[in-house]
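Given next are the chains, with one letter for each unit.
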Amino acid sequence: MSEENKTERIKCLIIGSGPAGYTAAIYAARADLKPIMYTGMEPGGQLTTTTEVDNFPGYPEGIDGPTMMVQLQQQAERFGTEVRIGMVTEVQLSKEVGGIHKACVDNKTWVEAETVIISTGATAKYLGIPSEQKLRGGGVSACAVCDGFFYKGQDVAIVGGGDTAAEEATYLANICNKVTMLVRKDEMRASKAMQHRVTSTKNIDLRYNTEIDEVLGEQVVDGLRMVNNQTQEKEEIAITGLFIAIGHKPNTDIFKGQLEMDETGYLITEPKTTKTNLPGVFASGDVQDKDYRQAVTAAGTGCMAALDAERYLATVESEEEVTA
């Protein structure tokens, strides 16, 4: 095999570049695992679409998402992480302890890794309405816990009928003046307990059989035109924030058939670890967390993944020494 065609062998491959990936990179690099990170389609992850991050510890004045991600990248690179622009499009994961995992980048280049840390995140589902897409970051958000604080005392709306939507609606109701909740069907999908919480909260205006016709505003959200999908009657309301809570899709398609997932595609890890069902493969961040989905919790599991990878390699090396 010529030198040009020789497959690169590395100790630690990190797939994805959000808070989880970068934190894993910082810890892995400091442990001398010489990590190589492939950023994926959205370098920096979901936070690059967030204007203000006010709830990450250490930023008393807040920070905008893209700047925070640049700083995390610089910190990871300072310790020796090699950050590469590229998308892992296929993986061949080993089932053996000490086995070598293979990953194809951009459908052409293969790398081999002794450990893999998956931090590919989850993508929030949006409605796909042009006015909604135009105002993302200008009042349209997919995370009430992240961005709700900016709308304290104001009128907002939320779309969705599941447990997450119900939970976020009641969260918003605690800090906002009024919350209009739009449910597409004639009933909510949320559990009975969550439904009761919504219906018993006085400042939530629950609208069944209601969808968004258009988000109003040029630079920022200043209103919403709703339509009743039974009567086709339209109504406009004044709001400053719109929260989309119709679910997330974990970015796990390339791991199907190799790693254990739940029914919605989130990777399953051993409790209190980041270990997947395959040795040497670890998952951190939103790709394995459908409950919290916060930058700080993602960063925490990124740290865990790097420590788990370091300990795994130490175990493998000690076993090899005993065998030798």
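Scroll up for the structure.
In every chain, residue numbers begin from 1 and rise along the written sequence. Owing to the predicted nature of the model, reporting of local features is limited to residues with pLDDT of at least 70; listing and counting of side-chain atom pairs is limited to 80 or more, with chain, interface and lining totals taken over all residues. As a rule here, side-chain values come from all non-hydrogen atoms in the structure, and water together with hydrogens is ignored.

Asker: Give a description of a negative patch on the surface that names residues and reports values.
Answerer: Each patch groups residues whose relative accessible area exceeds 30% and which form no salt bridge, using 9 Å between like charges and 5 Å between nonpolar side chains of Val, Leu, Ile, Met, Phe, Trp and Tyr. Here the accessible surface of atoms and residues is derived via Shrake-Rupley with a 1.4 Å probe, and residues count as covered only by protein chains that are part of the display. By definition, a salt bridge exists where a carboxyl oxygen of Asp or Glu is found within 4 Å of a side-chain nitrogen of Lys or Arg. Charge assignment: positive for Lys and Arg, negative for Asp and Glu; neither His nor the chain ends contribute. Charge coordinates come from a single atom per side chain, which is NZ of Lys, CZ of Arg, CG of Asp or CD of Glu. Together, Glu317, Glu319, Glu320 and Glu321 give the surface a local cluster of negative charge. Going along the chain from the N terminus, every DSSP run of H or I of four or more residues is numbered as a helix, and every run of E of two or more is numbered as a strand. With respect to the helices and strands, the residue Glu317 is situated in helix α7 (residues 295–323). Judged by its relative accessible area of 36%, Glu317 falls in the partly exposed class. Think of it in three bands: residues with accessible area under 20% of the maximum for their type are buried, residues over 50% are exposed, and the middle band is partly exposed, with areas taken using a 1.4 Å probe on protein chains only.

Asker: Give me the sheet that holds strand β13 (residues 223–228): which residues, what numbers.
Answerer: Overall, antiparallel pairing links the three strands, which are arranged β12-β13-β14 in an open sheet. Unpaired on one side and paired on the other, β12 (210–216) and β14 (234–237) mark the two borders of the sheet. On average, adjacent strands in this sheet sit at an angle of 25° to one another, irrespective of strand direction. The sheet contact formed by β13 and β14 spans four bridges and is antiparallel. Residue Arg225 lies in a different strand from β14, and its bridge partner there is Glu236. When DSSP locates at least two bridges between a pair of strands, those strands are taken to pair. Fitting a line to C-alpha atoms yields each axis, with helices limited to the stretch in contact; the angle taken between N-to-C directions then spans 0 to 180 degrees.

Asker: A description of the nonpolar core should follow, citing residues and the corresponding values.
Answerer: By convention a nonpolar core is built from buried Ala, Val, Leu, Ile, Met, Phe, Trp, Tyr and Cys residues, the set being connected through side-chain atoms within 4.5 Å. Formed by 28 residues in total, the largest nonpolar core has its most connected members in Ile14, Tyr22, Met68 and Ile117. Broken down by secondary-structure element, the contributors of at least two residues to this core are β1 (8–15), α1 (19–30), α2 (65–78) and α7.

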